[in-house]
Amino acid sequence: MADLVPFNVKDSALIAMATGHKARNLSELRDRLTIVPQSSIYYHFWCGKMRPHVGGLQYSNDFSMWSEQALHDHILSERLDVIDPSNYKDMDHLRDELLDIIDIRLDEVELVPSAVPKDSFYFVRSNIVIFNTRHVIHHPKQLAEVIPRLSRGSIFYHFIDARRRTEEGQDDITNW
């Protein structure tokens, strides 16, 4: 442990940007998913972890929330809600899973589930911005002292986003 490289704690923010794509029904959602950038898939699965919430999260991603609240499709919402994006090699593999689930649901229903116009799904994309912090950890024993003082952005970057960034699919602390 004496040769352990210090761990520089980072902070992050997600910058959301409109894509210009929206969907009012399940078929349109499927069609738009084929063309939106990977950063949009990322945003709709991960950005909820950065937003402050009162109480617990009822939905794990924006797609399951929209399916439930706007389309009133409980079956689709449940199928989309169990997707763990960290289980996918990259956003294109995750996109393929979304398309497969939606295709199955479209084959099952007689009428394509639709939302009222005001409840359309608006695709957003994101960029993650990384900041240095003053926190440097020299030994794992310091984690208990530092972790309670970390921002939501630091927790997101080191424990959630890291699983996408690291070859082993692990958080930054475990890799360190």
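Nothing here was measured: the structure is a model prediction, and the numbers come from that model.

Cut-offs applied
Residues numbered from 1 in each chain as written. Predicted model: local features only at pLDDT ≥ 70, side-chain atom pairs only at ≥ 80, totals over all residues. Heavy atoms only, no water. Core = buried A, V, L, I, M, F, W, Y, C linked by side-chain atoms within 4.5 Å. Buried < 20%, exposed > 50% of the residue type's maximum accessible area, 1.4 Å probe, protein only. Helix = DSSP H or I, 4+ residues; strand = E, 2+ residues; numbered from the N terminus. Contact = heavy atoms within 4.5 Å. Arc of directions from axis to C-beta. pLDDT = per-residue confidence, 0-100. Salt bridge = Lys/Arg side-chain N within 4 Å of Asp/Glu carboxyl O. Phe/Tyr/Trp six-rings, centres within 6.5 Å; stacked < 30°, edge-to-face > 60°. Lys NZ or Arg CZ within 6 Å of the ring centre and 35° of its normal.

Draft legend 1. Fine view of the nonpolar core. Of all hydrophobic cores here, the largest spans 31 residues; its most connected members are Leu29, Leu33, Ile41, Phe45, Phe63, Leu98 and Phe123. Elements supplying a minimum of two residues to this core: β1 (7-23), α1 (26-33), α2 (38-46), α3 (62-69), α4 (74-81), α5 (91-108), β2 (121-137) and α7 (152-165). Excluding its chain neighbours within four sequence positions, the residues that come into contact with Ile41 are Leu33, Val36, Met91, Leu94, Arg95 and Leu98. Phe7, Ile137, Val146 and Ile173 belong to the second largest nonpolar core, which has seven residues in total.

Draft legend 2. A look at α4. The set of residues buried in α4 consists of Leu76, Ser77 and Leu80. Relative to the axis of α4, the buried residues are bounded by an arc of 100° and lie together on one face. Packed against the buried residues of α4 are α1, α3 and α5.

Draft legend 3. Region of interest: the confidence of the model for the protein. Mean pLDDT for the protein: 91, with 93% of residues reaching 70 or above. By mean pLDDT, the top-scoring element of the protein is α1 (98), and the lowest-scoring one is α7 (88).

Draft legend 4. How the structure looks around the pattern of salt bridges. Enumeration according to the criterion identifies 10 salt bridges in this entry. The partner of Arg79 in a salt bridge is Glu108, and the shortest N-O contact between them spans 2.8 Å. Of the two residues, Arg79 is situated in helix α4 and Glu108 in helix α5; the sequence distance between them amounts to 29 residues. Arg79 sits in the partly exposed class, given a relative accessible area of 30%.

Draft legend 5. View of the packing of aromatic side chains. Applying the stated rule across the entire model yields seven aromatic pairs. An angle of 55° between the planes, with centres 5.6 Å apart, marks the rings of Phe7 and Trp176 as tilted. Pair noted here: Phe7 is in strand β1 and Trp176 is in the segment after α8 (172-175), with a separation of 169 residues, a long-range link. With a relative accessible area of 9%, Phe7 lands in the buried category. The exposure class assigned to Trp176 is partly exposed, which follows from its relative accessible area of 22%. Plain terms: the ring middles of Phe121 and Phe123 are 4.9 Å apart, the flat faces sit at 70° to each other, and that makes the pair edge-to-face. Each residue in the set Phe45, Phe63, Trp66, Phe121 and Phe123 is aromatic and connected to the rest through ring pairs, giving one cluster. Above the plane of the ring of Tyr157 lies Arg165, whose end atom (NZ or CZ) is 3.8 Å from the centre.

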